[in-house]
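Tertiary structure, described
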Amino acid sequence: MQPRSPSTGEGLQSPRSPSLQSPFLSVSVTDPAKMGNGVQAYISYKVTTKTNFPEYQGPEKIVIRRYTDFVWLYDRLFEKYKGIFIPPLPEKNTVEKFRFSAEFIEMRCQALDTFVNRIASHHELQQSEDLRNFLQADEQTMERARSQDTGIFKKKPSDLMQIFRDVQTKVTDVVLGKEKPVEESNPEYDKLKRYIFELEDHVTEAQKHAYHLVKRHRELGQSLADFGKAIKLLGACEGDALGAAFSELGTKSEMLSFKLQKEAHHLLMNFEEPLKDYVRAVQSIKGTIAERASAFRQQCELAETIKLKEIDLNKLRILRSEKMLDAEHEYEELKADGEEATRRFDTIVRLMNEEIVRFQEEKTQDMGRAFHEFAKGQARLANAIADAWRSLVPKLNSLYVS
Amino acid sequence: MMGFENQGFEEAQLHASHGEMESLVLDDDDNNNSGNDNNPSSRSNGITNGDVSQHYNHPLSSSLPFAEILTTDDDDPLLSSSSPHQNPNSFNSLLEPPSYADASFRSFDGDHGKQINGHGAVSTSSPTADSVYLKVSVTDPQKEQDLNNSLVPGGNTFVTYLITTWTNLPEFNGTEFSVRRRFRDVVTLSDRLSDSYRGYFIPLRPDKSVVESQVMQKQEFVEQRRMGLEKYLRKLAAHPVIRRSEELRVFLQVQGKLPLMKTTDVASRMLDGAVKLPKQLFGESVVSAAVDPNDVSHPAKGGRDLLRIFKELRQSVANDWGGAKPPVVEEDKEFLDKKKKMQDFEQELSNVSQQAESLVKAQQDMGETLGQLGLAFVKLTKFEMEEAIFNSQKVRAADMKNVATSAVKASRLYRELNAQTVRHLDKLHEYLGVILAVNNAYSDRSNALLTVQTLLSELANLNSRIEKLEAAASKIFGGDRSRVRKIEELKETMRVTDEAKNCAVREYERIKENNMNELERLDKERHDDFFGMLKGFVVNQAGYAEKMASVWESVANETSGYAAKNS
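Residue positions are given per chain, counted from 1 along the sequence in the order it is written. Following the order in which they are written, the chains are lettered starting with A and the ligands numbered starting with 1. The predicted origin of the model limits local features to residues at a pLDDT of at least 70 and limits the giving and counting of side-chain atom pairs to 80 or more, whereas totals for whole chains, interfaces and linings rest on all residues. Processing note: side-chain calculations cover all non-hydrogen atoms of the structure and skip hydrogens and water entirely.

Defined as follows: UniProt positions are given in the numbering used here, feature names are shortened, and annotations may be inferred rather than shown by experiment.
Within an unreviewed UniProt entry, the label attached to chain B reads PX domain-containing protein, and the organism entered is Mikania micrantha. The record held by UniProt for chain B lists under Sequence similarities (unreviewed entry) the comment "Belongs to the sorting nexin family."

Where an unreviewed UniProt entry is consulted, chain A appears under the name PX domain-containing protein, with the organism given as Mikania micrantha.

Shown next as structure tokens:
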């Protein structure tokens, strides 16, 4: 057996000799399908996993998942991996009208695919057991897990946004110092917090304009179509060479309208969506910031409690009280908790420092790609427009003299 | 990256002219083109002095003795001068001088000679020896006081405009001269032209628009009016027949008070005609030459012609509802076909004009949004640069800046594109106005026909009465003195009426001739104008699209490193 050259994480090879291949975990979310009827209706997605990870059941697995399953996965990861910026989910759409629009579903499917892929390529998150369950468990197991944890966490998808909002106000309060000043005094970290908050505003604005730009393309396309139609009617009225000229122009106009609609869609999927994703990512980071603040608070509170307990204990020691043993017990427990809290907090700090680097690099790649697609699309459209109109000139000339 | 001036495209002349919406003129060697541009320096015009008089019946040379200029009634339904012409000023706010004044488009010179410039055709060539020009400009609005009629001192101000003319037409004694006129004078000019040039497609004058003058800022309104006047006068100067009219010459040249009969109010007209009025109303004994048969060659107006209006109205009702066919019908099938075609054309044109406005709006919106997007990214870029801790941020900021500046560039290009688009597509609006002028000319024709029909009915009527009286009189032995006298009177009336009928017929024929000639002229002009518009539009769109493509292509190249490797 010849050793195979190491493949990238995206490779789709059958792992005949897994030991000779670098490990990969490749996931895709595809084929949205409407299930059920009426109010109960929902969209299901096909989730295909290809991997050579030993913990997984086999080289390939296909399962059917719905949006709430993805939400479950996010919640579990958020709980377990504090400090890591969990990849963001697409929003739950609350407007009934658009819930099943083709465009919305396509966008969501793409976003979910990105979500799972980011998890699968994250060196820590990809080890998660919850991820394994998500990718492999049958639907009943999944449903059980989902309803169970919904009970425990008391989280429903619609609550997610509310939680974010709460976190935001909490963090804002903390940053603004409204609550009791149990916060880190870490100038670098403060800078980061400020950066994240301001960044959200900027990216949200950019995304808003991107959304409008998509609309403008659609509108321009529509008006070109209407214009073309009207000009053709005028041409029919005129007849002769001028009529033919109008007719040609009208046809071109209608053709360009079609191109504009296509570009609008391309913009939506490849430019606006990445910007939306950017906003979500920043909001997700805010969630982590809140977790860090809460962990810090816990650590501080425990430290306080331990100190008080120590004082108590010493008092009891001096008095040689029979409560001393119990108190010692409690004290030891508290100290263990305190160490645990400190460990948790330190982990979060460490992870966050790594994550911020990863985040910035990832965003540079994501935005770079988005910019490239944007520019490519605009150039393609502009060239099509130029070609179409330019091709008319010789025709117009010949018609004029005829 | 920045300088479009550096690109090696061949230059077309984009001549920025503030607030002017000049038509695009095909730069063709053979054909005459009469867009609205009366660039004195250009226009190898096919129509020279000589051609005009051959081609058209100069009204002053017609066999019809030209009666004195009648008073007009502004409310005359037969002379509707109000125009629902779409306000071209809705585009004015979009017009700006292009920042790329010498913007370059890729050459379309496969067709040399057919290359479309901006407006103004060959603006640099000097006038040839036998080309004629008549260029008018309207400038310098000034407030003046009407000293005569103001009861309140300081009240009753009005605005005058300086009207400057450059010409080499012989009937103007001089090549450059100016007068001051007020809007009222323009109304007078317009009314007089309508009277004198029945059957011609006379350009419509600007609206009186009282409402707007209340709503708009004074300065804005005055400027709008100035532009409207200039456009109107230029259109008149471009019309091959009207430009030679005495009315226009007088308007443009005679200093001081405008010596054209203006609109008077009904009361004074009544006074004028008071002497003649009773006779008119009773109609019977119009033996005296109080009524000139030639009066029938003018449309019936209010006041003096009340009776005539009643009669013609009765006739038109008889035409529409009566059983008998009117004595003379519009038989020219070709004319009726053309009229129907014109109506269809008007409808479609109006529709296109609306869609053109939507298109312009969509382009404008696109440009605005691109600009806003660019600005948002500029802000983001600045933010990232300031806060950058990691190199990846700096890289991202650089990419973003690239996109941002390109978006802003594209936004500017869209704005310019739009300004040009407006200029080209404005031709559509213009022709909507032309159609109104055509409809007026067709009304002239119908009215003239109605006059003829009315007179023919009268003649028939008179004739039958004479016959009846003659029959009755013959039965009385020795004759019936009163009846005989009556017959004599009626015969005299009939003679006068017959003369009038002949005048009316001649007038009708004359108007028909004018219609036909004008239609020919219009067809030719429309052909040229619309081809010019189409080509201008198309070249404009293509040119700007190419520029935008190049902007975005360079960004795409610079970010090609991020291109998705698979899928």
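Still more ground to cover, so stick around.
1. Some thoughts on the overall build of chain A
Threshold: A helix here means a DSSP run of H or I that spans at least four residues, while a strand means a run of E at least two residues long, and both kinds are numbered starting from the N terminus. Accessible area is worked out with a 1.4 Å probe on protein chains only. A residue is then buried under 20% of its type maximum, exposed over 50%, and partly exposed in between. Contacts: residue pairs with any heavy atoms within 4.5 Å of one another. Areas reported here follow the Shrake-Rupley algorithm with a probe of radius 1.4 Å; residue values treat only the protein chains shown as occluding.
When its secondary structure is counted, chain A shows 8 helices and 3 strands. Its helices and strands taken in sequence order, chain A reads β-β-β-α-α-α-α-α-α-α-α from the N to the C terminus. For chain A, with 402 residues in total, the buried portion stands at 50%. When contacts within chain A are restricted to residue pairs at least 6 apart in sequence, long-range pairs at least 24 apart make up 71% of them. Surface summary for chain A: the accessible area is close to 20,000 Å², and the carbon and sulfur share equals 53%.

2. As for the nonpolar core
The test is simple: Here, nonpolar core means buried Ala, Val, Leu, Ile, Met, Phe, Trp, Tyr and Cys residues that are tied together by side-chain atoms lying within 4.5 Å of each other.
Counting residues in each nonpolar core, the largest one holds 116 residues, and the members touching the most others are Phe271(A) and Phe377(B). Going through the elements one at a time, helix H6 (187-238), helix H7 (240-319) and helix H8 (323-401) of chain A together with helix H9 (333-387), helix H10 (391-475) and helix H11 (481-558) of chain B are the ones with two or more residues in this core. Here the element with the most residues in this core is H8(A); it accounts for 23 residues. Setting aside its immediate chain neighbours within four residues, Phe271(A) contacts Ala210(A), His266(A), Ala370(A), Phe371(A), Phe374(A), Leu373(B) and Phe377(B).

3. Quick notes on the domain arrangement of chain A
All names here are of chain A. For clarity, the threshold we go by: For the purposes of this description, domain bounds are those given by an automatic or database domain assignment. Here a salt bridge means any side-chain nitrogen of Lys or Arg lying within 4 Å of a carboxyl oxygen belonging to Asp or Glu. Put simply, Ala, Val, Leu, Ile, Met, Phe, Trp, Tyr, Cys and Pro go in the nonpolar bin, Asp, Glu, Lys and Arg in the charged bin, and everything else, Gly too, in the polar bin.
Annotation of chain A at the domain level lists domain 1 (1-154) and domain 2 (156-402). At the interface, 27 residues of domain 1 touch 30 residues of domain 2. Applying the counting criterion to the domain 1 and domain 2 interface returns 6 salt bridges. With a closest N to O distance of 3.1 Å, Glu 91 and Arg 280 form a salt bridge. Of all elements in the fold, only helix H1 (67-80) and helix H2 (102-121) reach the threshold of two or more residues within the side of domain 1 that touches domain 2. Classifying every residue of the side of domain 1 that touches domain 2 by side-chain character gives 12 nonpolar, 6 polar and 9 charged.

4. What to know about the domain arrangement of chain B
Residues and elements named next belong to chain B. Selection rule: As a working definition, buried area equals the accessible area (1.4 Å probe) given up by two parts on being put together, with both sides summed. By the criterion applied in these results, polar contacts are pairs of N or O atoms within 3.5 Å in which, for protein atoms, one can donate a hydrogen and the other can accept it, and in which residues neighboring in sequence qualify only through two side-chain atoms.
In terms of domain boundaries, chain B breaks down into domain 1 (130-266) and domain 2 (330-566). With 13 residues of domain 1 in contact, the opposing surface of domain 2 contributes 21 residues. With both chains or domains summed, domain 1 and domain 2 bury close to 1,300 Å², and 57% of this area falls on carbon and sulfur atoms. For the interface between domain 1 and domain 2, the tally reads 2 salt bridges. The salt bridge involving Glu 507 is made with Arg 198; its shortest N-O contact spans 3.2 Å. In this structure, the connection of domain 1 to domain 2 is made through 9 residue pairs in polar contact (both at pLDDT 80 or more).

5. Structural notes on the environment of Ala404(B)
All names here are of chain B. Its location among the elements puts Ala 404 in helix H10. Among the residues examined, Ala 404 registers a relative accessible area of 0% and is labelled buried. As a C-alpha pair, Ala 404 and Val 434 span 30 residues in sequence and 45 Å in three-dimensional space. Each residue touching Ala 404, except ones within four places of it in the same chain, is listed here: Gly 374, Phe 377 and Val 378.

6. Looking at the pattern of salt bridges
Inspection of every chain in the model, using the stated rule, returns 62 salt bridges over all chains. A salt bridge links Arg234(B) to Glu230(B); the shortest N-O distance between them is 3.8 Å. Taken together, the residues Arg234(B) and Glu230(B), both in helix H4 (residues 218-238) and 4 residues apart, mark about one turn of the helix. Arg234(B) sits in the buried class, given a relative accessible area of 10%. Glu230(B) gets classed as buried once you look at its relative accessible area, which sits at 9%. Each of Arg118(A), Asp277(A), Glu355(A), Arg358(A), Glu362(A), Lys363(A), Asp366(A) and Arg369(A) takes part in a single network of salt bridges with overlapping partners.

7. Notes on the side chain of Glu525(B)
Residue and element names in this part refer to chain B. Mapped onto the secondary structure, Glu 525 falls in helix H11. Of the residues examined, Glu 525 reaches a relative accessible area of 15% and is grouped as buried. Here the side chain of Glu 525 touches Arg 521 through a polar contact of 2.8 Å, side chain to side chain.

8. What about the sheet that holds strand E1 (residues 134-145) of chain B?
Residue and element names in this part refer to chain B. For clarity, the threshold we go by: One bridge is not enough; two strands pair if DSSP finds at least two bridges between them. Every axis in this analysis is a line fitted to C-alpha atoms, fitted for helices over the stretch in contact. Angles between the N-to-C directions lie between 0 and 180 degrees.
Spatial ordering of the open sheet is given by E1-E2-E3, a layout of 3 strands whose pairing is antiparallel. Each edge of the open sheet is held by one strand with a lone partner, namely E1 and strand E3 (176-182). The mean inter-strand angle of the sheet, taken between neighbouring strand axes irrespective of direction, is 20 degrees. Taken together, the 10 bridges between E1 and strand E2 (residues 157-167) define a ladder with antiparallel strand orientation. Its bridge partner being in E2, Thr 139 is matched across the sheet by Leu 162. Against the sheet, helix H2 (residues 183-196) makes contact with E2 and E3, and its axis sits at roughly 100 degrees relative to E3, the strand it touches most.

9. What about the interface of chain B and chain A?
Opposite the 71 residues of chain B that make contact, chain A presents 66 residues. Note on chain B versus chain A: buried area summed over both sides is about 6,100 Å², and carbon and sulfur give 75% of it. One can count 4 salt bridges joining chain B with chain A. Put simply, Glu238(A) and Arg526(B) hold a salt bridge, and the shortest N to O gap is 2.7 Å. One can count 16 residue pairs in polar contact (both at pLDDT 80 or more) joining chain B with chain A. When residues of the side of chain B that touches chain A are traced back to their parent elements, those giving at least two are H9, H10 and H11 of chain B. Among the elements that make up the side of chain B that touches chain A, the one with the highest residue count is H9(B) (26 residues).

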